[in-house]
Amino acid sequence: MTPRRYLMCPPTYFAVDYSINPWMDPSAPVDVDLAVRQWSALRDTYVSLGHTVDEITPISGLPDMVFAANGAMVVDGIVYGSQFRYPERAAEAPAYLNWFARAGFETHEAKQVNEGEGDMLLTDRFLLAGTGFRTDLGAHAEAQELFSRPVITLQLLDPHFYHLDTALTVLGGANIAYLPEAFTASSRRVLAQLFPDAILAAPADAAVLGLNAVCDGTHVVLPVQASGLADQLAAKGYDPVPVDLSELLKAGGGPKCCTLEVRGA
Ligand code: ARG
């Protein structure tokens, strides 16, 4: 495992009062205290694994700001800002970009609609980029120019898996786990060519956002409910670290959504 640096946002103002994905039901109650406790346990898990966690100050009126993965994409110390699909989340983009600017990073405002690491996942060789629900194709080209990493476009087709990070996990840089059913037939063939040894997740594990996981090369922090995927990961030599984020799941988010990886220069 290599020590990582993560940016997270406490769910102080977490709520589900609008619906921009099929998981979000504004009529269902949300327990903010429980969300804060579950989020704190996730942060403490990273720290206990040897990682560094920075925290951005949450903003009242931005209930989804806890999902830091959507705030930006950071590679080699270069920050590609987000531009959210829905107006409800638009104000999060400058908040995250300002955090990086103040922290001394090279920041770039997005010209194209993109939701950060929610739809862009870095492997050793590629920048895997999702489209279909949130991030526009134009953003894939913008990211490739900015990061000088070859972008692989992947087409999502199930609204429950609206961000790439809900359907695919990067494991240790060279391998991945994913839910084939979340992708078009062509994108599945692309994934099979590039990652012949990938772990294919079962629909039941993906349905609890089991693939919304964070890997440091050894440990895989994933939703406790995804026990089948944990077994598959252990069989491949990874060390599954289960966490319970049941409250945040009500907004369609899991551990990865709450975690933005800060990759230095
Ligand atoms: N409610 C948020 C939205 O729909 C959840 C975002 C989850 N983030 C992620 N990286 N998948 O935008």
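Preceding this section is the structure that the text describes.
Residues numbered from 1 in each chain as written. Predicted model: local features only at pLDDT ≥ 70, side-chain atom pairs only at ≥ 80, totals over all residues. Heavy atoms only, no water.

Colleague: Would you explain the pattern of salt bridges in this entry?
Modeller: Pairing between side chains of opposite charge can happen when their charged atoms approach one another. Going through the model one piece at a time under the given rule, you end up with 12 salt bridges. Linking E261 and R4 is a salt bridge whose minimum nitrogen-to-oxygen distance equals 3.2 Å. Separated by 257 residues along the polypeptide, E261 in strand β15 (residues 260–261) and R4 in the segment before β1 (5–8) bring together distant segments of the chain. D136 is the partner of R85 in a salt bridge, and the nearest nitrogen-oxygen pair spans 2.6 Å. Note that R85 is positioned in the loop between β4 (78–81) and α2 (92–102) and D136 in the loop between β7 (127–131) and α3 (137–147), a separation of 51 residues in sequence. (Salt bridge = Lys/Arg side-chain N within 4 Å of Asp/Glu carboxyl O. Helix = DSSP H or I, 4+ residues; strand = E, 2+ residues; numbered from the N terminus.)

Colleague: Would you mind showing me how to read the sheet that holds strand β2 (residues 52–55) here?
Modeller: Hydrogen bonds between backbone atoms are what pair the strands of a sheet, whose relative direction is either parallel or antiparallel. Read from one edge of the open sheet, 3 strands run β2-β1-β15, paired in mixed fashion. The open sheet has two edge strands with one neighbour each: β2 and β15. Where β1 lies against β2, 4 bridges are found, and the strand directions are parallel. By the bridge assignment for β2, R5 is matched with T52. Strand contacts of α2: β1, β2 and β15, with the helix running at about 140° to β1, the strand carrying the most contacts. (Pairing = 2+ DSSP bridges. Contact = heavy atoms within 4.5 Å. Axes fitted to C-alpha atoms, helices over the stretch in contact; angles between N-to-C directions.)

Colleague: Help me understand the site of the ligand, please; the structure alone is not making it clear to me.
Modeller: Looking at the ligand, there are 17 residues lining it, with N21, R89, H163, D165 and C257 nearest. Here an oxygen atom of the ligand and a side-chain polar atom of R89 are 2.6 Å apart. A251 places a polar main-chain atom, nitrogen or oxygen, 2.9 Å from a nitrogen atom of the ligand. In this structure the site holding the ligand corresponds to the largest cavity. Looking at the shell around the ligand residue by residue, the class counts come to 7 nonpolar, 6 polar and 4 charged. (Near = heavy atom within 4 Å. Polar contact = N/O pair within 3.5 Å; in protein donor to acceptor, adjacent residues only side chain to side chain. 1 Å grid on protein atoms, 1.4 Å probe; cavity = no way out; pocket = protein on both sides within 12 Å on 5 of 7 lines; lining within 4 Å. Sits in = over half its atoms within 2 Å of the grid points. Nonpolar A, V, L, I, M, F, W, Y, C, P; charged D, E, K, R; others polar.)

Colleague: Help me understand the packing of aromatic side chains, please; the structure alone is not making it clear to me.
Modeller: Describing an aromatic ring pair means giving the distance of the ring centres and the angle of the ring planes. Following the criterion strictly, the structure yields 7 aromatic pairs and no others. Taking 5.3 Å as the distance between ring centres and 90° as the angle between the ring planes, the aromatic pair formed by F100 and F105 counts as edge-to-face. Where F126 meets F195, the ring centres are 6.4 Å apart and the plane angle is 85°; that geometry is what we call edge-to-face. Here the residue F126 occupies a position in the loop between β6 (120–122) and β7, and F195 occupies one in the loop between α4 (185–194) and β11 (199–200), the gap between them amounting to 69 residues. (Phe/Tyr/Trp six-rings, centres within 6.5 Å; stacked < 30°, edge-to-face > 60°.)

Colleague: How do you make sense of the sheet that holds strand β12 (residues 214–215) when you look at a structure like this?
Modeller: In space, the 3 strands of this open sheet follow the order β12-β13-β14, with mixed pairing throughout. The open sheet has two free edges, formed respectively by β12 and β14 (239–243), since each of these has just one partner strand. With 5 bridges connecting them, strand β13 (residues 219–223) and β14 associate as parallel partners. By the bridge assignment for β14, V220 is matched with P240. Here helix α6 (residues 227–235) sits on the sheet and contacts β13 and β14; the angle it forms with β13, its principal contact strand, is near 170°.

Colleague: Looking at this model, I keep getting lost on the pairing of strand β3 (residues 72–75). Mind explaining?
Modeller: Both faces of the sheet carry side chains from a regular strand, because those side chains alternate between them. Residues A72 and V74 line one face of β3 and the alternating positions M73 and V75 line the opposite face, and both faces are buried. In the sheet, β3 pairs with β4 via 4 bridges, with the strands oriented antiparallel. In the sheet register, V75 faces β4, and the bridge partner there is I78. In this structure, the hairpin formed by β3 and β4 is closed by a connection of 2 residues, where D76 is found at a positive phi of approximately 55°. (Buried < 20%, exposed > 50% of the residue type's maximum accessible area, 1.4 Å probe, protein only.)

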